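Summary of structural features
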Amino acid sequence: MASSSPAPLVIFDRVTFYHFERTTPALSEVSFVLPRGSLTLLVGPSGCGKSTLCMLMTGIVPHLLGGVLTGKVLVDGKDVANTAVKDLALSAGLLFQDPEWMFATLRVDDEVAFGPENLKIPKAEIHQRVEDALETVGLSRFRHHLVWALSGGQIQKLGFASVLAMQPPLMILDEPTANLDPATTHAVHELILRLRQQGKTIVIVSKDLDEFIAEADQLIYLSEGKIIAQGQPRQVIHQAGLHMLQAGVWLPEPTEIGLRLQELGKLNPDTLPLTVAEARQAFSHLSFASTPGDAPNSKPIGEALIEAENLQYAYNPKVTALRGVSFTVRQGELLAIIGQNGAGKSTLAKLLVGLIKPTGGVLRLFGKDARHWNVAELANYIALVFQNPEHQFLCDTVFEELSYSLLAKGITDPAEIQARVVETLRELDLQGDAQTHPFALSEGAKRRLGVATMLVGGGAQVLIVDEPTYGQDRRMTERLMDYINQLRQAGITVIMITHDMRLVEAHIDRAIVMAEGRILYDGDPQTLFSLEEVIRQANLRPTALNRLLTDLRQEGISIPADINTVRKFIQAVQ
């Protein structure tokens, strides 16, 4: 006798939710189910309600953060509206978009043990769960480290390990690969697939769909708090792919190319690749012509502003972060510092803004030894947008935050402050959040506010942005890059610390690759992606577009060498 299929693990039935003191709903009439053992992708532009939906499944809203909920949310048979968060924790675990929200202890192993301890798991089993979780995410050798001494990527891994140790049937992962190097991102993808095979139900919110889209059981496309489309990924993209692109959703590059070619009538409507392998076959009939080169984005490169010679930094005798790096940064450059998690990238940024001083070698900033600068004086020349922008916010509203930045630079005229703040809000699409508390912004909006606070007063010659595309949808990333190119036109040097290889390939003139505190490569991104040994040592991975172009060239197709974006690919197709 055939058994009936098990009930879905999660049911949303006509769910509408208003955040505390908000008059516009974050979610409106949302309905879907999550079958047990399924992998679901939740996508949509910044601010569309994805994180709210995730917090609803754990009861964080409405129980902890307030708000008004109508409709019904059932998780593992429990009505979220009538179930305490501590009881929902037995059924659902959430990796926050910012994992620091999760942390409650000082040491790595204590943090991973904290959840199982609160579930009253036996001590011996807790120990084994901690060991297994740390081994799975590659943090075993950091088990006794302080949580706050970890790099951004390591913090992301710790958050994931903390959820793994809880072993809930539902795992909700909000940007699980943010701040992770590309090779580690691929490893997380493999881990998530193994968890599904073990029967876990997984929800992923991510802009990096390349690794997941072909493997997912379901894709839910959310926009302005409403579900626009849901179903199997290929079905949803056929139905709403162009709408997703227009709204700012990141799609895999082969998929975006397929949609654009279909729109131009150059690809069969029934052919829509989701992976590089599918695209290689789908595009094998194409021929390419040369494309006009892009106009230069910046003024000619100018004088040296930053010079490092055999630069070294050790946090203590046992922890050396930089092991003799040498480079020069000139006025008007746009460069990226990339590499594996824990390579020393964020340490280097702290040295450049004077938060720490070199323990060896030479670092000259604007012609002066770094040891002779004080932080306040140096801040007039070089600005840093932190990996976690909350660490630099001081005021109760976005408007006040920007106003304070102007006051700190000696601008006191109320009319000038008003005009500058309003213009900055407009440029970075923050007008609707002027009276919002900075901590209540979406992660993408926090990142844009971080950039704005550093630049609104003018004067800085160098801007360092740590993970600029974290939490940003496609539309906001493009706007941010337009803004950065305007800064370059004004002669400002921009240094990005990033794991976003699409950003590096499409926008960056020069890449510095780091691994284990050393520089492995310093040059253009196009050459970098052809250096297999450097790619391996730095835990990098070429973009899907780069891998596709390589495969097509191996098939004997002649393709212009300067194609590094989807737009250029489409322009070159005859």
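Residues numbered from 1 in each chain as written. Predicted model: local features only at pLDDT ≥ 70, side-chain atom pairs only at ≥ 80, totals over all residues. Heavy atoms only, no water.

Overview of the overall build of the protein chain
What the protein chain contains, in helices and strands, is 21 helices and 20 strands. Rg of the C-alpha trace for the protein chain: 24 Å, near the compact-globule value of 25 Å for 574 residues, within the 12% margin. Taken across its 574 residues, the protein chain has 57% of its residues classed as buried. By sequence separation, contacts in the protein chain at least 24 residues apart represent 68% of the contacts at least 6 residues apart. In the structure as shown, the protein chain presents an accessible area of about 24100 Å², 50% of it carried by carbon and sulfur atoms. With 52 positive and 65 negative side-chain charges, the protein chain shows a spacing of 2 Å between the two charge centroids. (Helix = DSSP H or I, 4+ residues; strand = E, 2+ residues; numbered from the N terminus. Rg over C-alpha atoms; globule rule 2.2 N^0.38 Å. Buried < 20%, exposed > 50% of the residue type's maximum accessible area, 1.4 Å probe, protein only. Contact = heavy atoms within 4.5 Å. Areas by Shrake-Rupley, 256 points an atom, 1.4 Å probe, with all protein chains shown as cover. Lys, Arg positive; Asp, Glu negative; His and termini not counted. Charge placed at Lys NZ, Arg CZ, Asp CG, Glu CD.)

Considerations on a nonpolar patch on the surface
A contiguous nonpolar patch, built from Leu106, Leu146 and Trp148 and spanning about 360 Å² of accessible area, is present on the exposed surface. Tracing the chain through its elements places Leu146 in the loop between α5 (123-137) and α6 (152-166). (Patch = residues over 30% accessible without salt bridge, like charges linked within 9 Å, V, L, I, M, F, W, Y side chains within 5 Å. Salt bridge = Lys/Arg side-chain N within 4 Å of Asp/Glu carboxyl O.)

Here's the deal with the pattern of salt bridges
Scanning the entire structure with this criterion turns up 30 salt bridges. The salt bridge involving Glu390 is made with Lys446; its shortest N-O contact spans 2.9 Å. One end of the pair, Glu390, is in the loop between β16 (382-385) and α13 (398-408); the other, Lys446, is in helix α15 (residues 443-455), and 56 residues separate them in sequence. A single burial state applies to Glu390 and to Lys446, both of which are buried. Taken together, the salt bridges that share partners define one network made up of Glu253, Glu256, Arg474, Glu478 and Arg502.

Overview of the sheet that holds strand β3 (residues 39-43)
Across the sheet, which stays open at both edges, the six strands sit in the order β6-β7-β8-β3-β9-β10 with mixed pairing between neighbours. This sheet does not close on itself; its edge strands, each paired only once, are β6 (92-95) and β10 (226-231). Looking at each pair of strands side by side, their axes are set apart by 15 degrees on average, direction ignored. Each of β6 and β7 (170-174) touches α6; the most contacted strand, β6, lies at about 180 degrees to it. Contacting β3, β7 and β8 (201-205), helix α7 (residues 182-197) crosses the sheet at an angle of about 150 degrees to β8. (Pairing = 2+ DSSP bridges. Axes fitted to C-alpha atoms, helices over the stretch in contact; angles between N-to-C directions.)

Re the sheet that holds strand β15 (residues 368-369)
Taken in spatial order, the four strands line up as β12-β11-β14-β15 in an open sheet, and their pairing is antiparallel. With one partner strand each, in any of the chains shown, β12 (319-330) and β15 form the two edges of the open sheet.

Considerations on empty space enclosed by the protein
The final tally for this structure, using the stated rule, is two cavities of 30 Å³ or more. Computed from the structure, the largest cavity encloses a volume of approximately 490 Å³. Of all the secondary structure elements, the ones that give two or more residues to the lining of the largest cavity are α7, α17 (501-507) and α20 (544-554). Reported here for the second largest cavity is a volume of approximately 50 Å³. In terms of lining residues, the second largest cavity is bounded by Asp98, Pro99, Glu100, Gly152, Ile155, Asn179, Gln387, Asn388 and Tyr470. Formed jointly, the lining of the second largest cavity draws a minimum of three residues from each of two domains, domain 1 (10-250) and domain 3 (306-544). (1 Å grid on protein atoms, 1.4 Å probe; cavity = no way out; pocket = protein on both sides within 12 Å on 5 of 7 lines; lining within 4 Å. Points joined across faces, edges and corners; volume = space filled by probe spheres on them. Domains from an automatic or database assignment.)

Remarks on the packing of α13 against helix α14 (residues 414-427)
Packing of α13 against α14 leaves a shortest axis separation of 10 Å and a crossing angle of 125 degrees. Between α13 and α14, the angle falls in the class oblique. As for how α13 packs across α14, the hand of that crossing is right-handed. Contact with α13, carried on its side by Val398, Phe399, Leu402, Ser403, Leu406 and Leu407, involves Ile417, Gln418, Arg420, Val421, Val422, Thr424 and Leu425 of α14 and no other residues of that element. Its residues assigned to classes, the contact of α13 with α14 shows nine nonpolar, three polar and one charged. (Parallel < 35°, antiparallel > 145°, perpendicular 65-115°, else oblique. Left-handed = near helix turned anticlockwise from the far one by under 90°. Nonpolar A, V, L, I, M, F, W, Y, C, P; charged D, E, K, R; others polar.)

As for the packing of aromatic side chains
Counted by the stated rule, this structure contains 10 aromatic pairs. Summarising the aromatic geometry, the rings of Phe366 and Trp373 are spaced 6.3 Å apart at their centres and angled 80 degrees between planes, so their arrangement reads as edge-to-face. Side by side, Phe366 and Trp373 carry an identical accessibility label, which is buried. Summarising the aromatic geometry, the rings of Trp373 and Tyr381 are spaced 5.3 Å apart at their centres and angled 65 degrees between planes, so their arrangement reads as edge-to-face. Look at Tyr381 and you get partly exposed, because its relative accessible area is 30%. (Phe/Tyr/Trp six-rings, centres within 6.5 Å; stacked < 30°, edge-to-face > 60°.)

Here we look at the domain arrangement of the protein chain
Under the domain assignment used here, the protein chain contains domain 1 (10-250), domain 2 (252-296 + 545-573) and domain 3 (306-544). Linking domain 1 with domain 3 are two salt bridges. Between Glu211 and Arg541 there is a salt bridge; the shortest N-O distance is 2.8 Å. Linking domain 1 to domain 3 there are eight residue pairs in polar contact (both at pLDDT 80 or more). Of all the secondary structure elements, the ones that give two or more residues to the side of domain 1 that touches domain 3 are α6, α7 and α8 (233-247). By residue class, the composition of the side of domain 1 that touches domain 3 is 10 nonpolar, 10 polar and eight charged. (Polar contact = N/O pair within 3.5 Å; in protein donor to acceptor, adjacent residues only side chain to side chain.)

A look at helix α9 (residues 253-263)
Most of α9 is tucked away, with eight of its 11 residues classed as buried. Of the residues making up α9, those classed as buried are Glu253, Pro254, Thr255, Glu256, Ile257, Gly258, Leu259 and Leu261. Where α9 terminates, the next one or two residues include Gly265, which has phi positive at roughly 75 degrees.

Let's talk about the environment of Leu384
Relative to the assigned elements, Leu384 resides in strand β16. The class for Leu384 is buried, based on a relative accessible area of 10%. Placed 111 residues apart in sequence, Leu384 and Ile495 show a C-alpha to C-alpha distance of 9.3 Å. Sequence-distant contacts of Leu384, that is, excluding residues within four places in its chain, are made with Ala349, Val353, Gln392, Met454 and Ile464.

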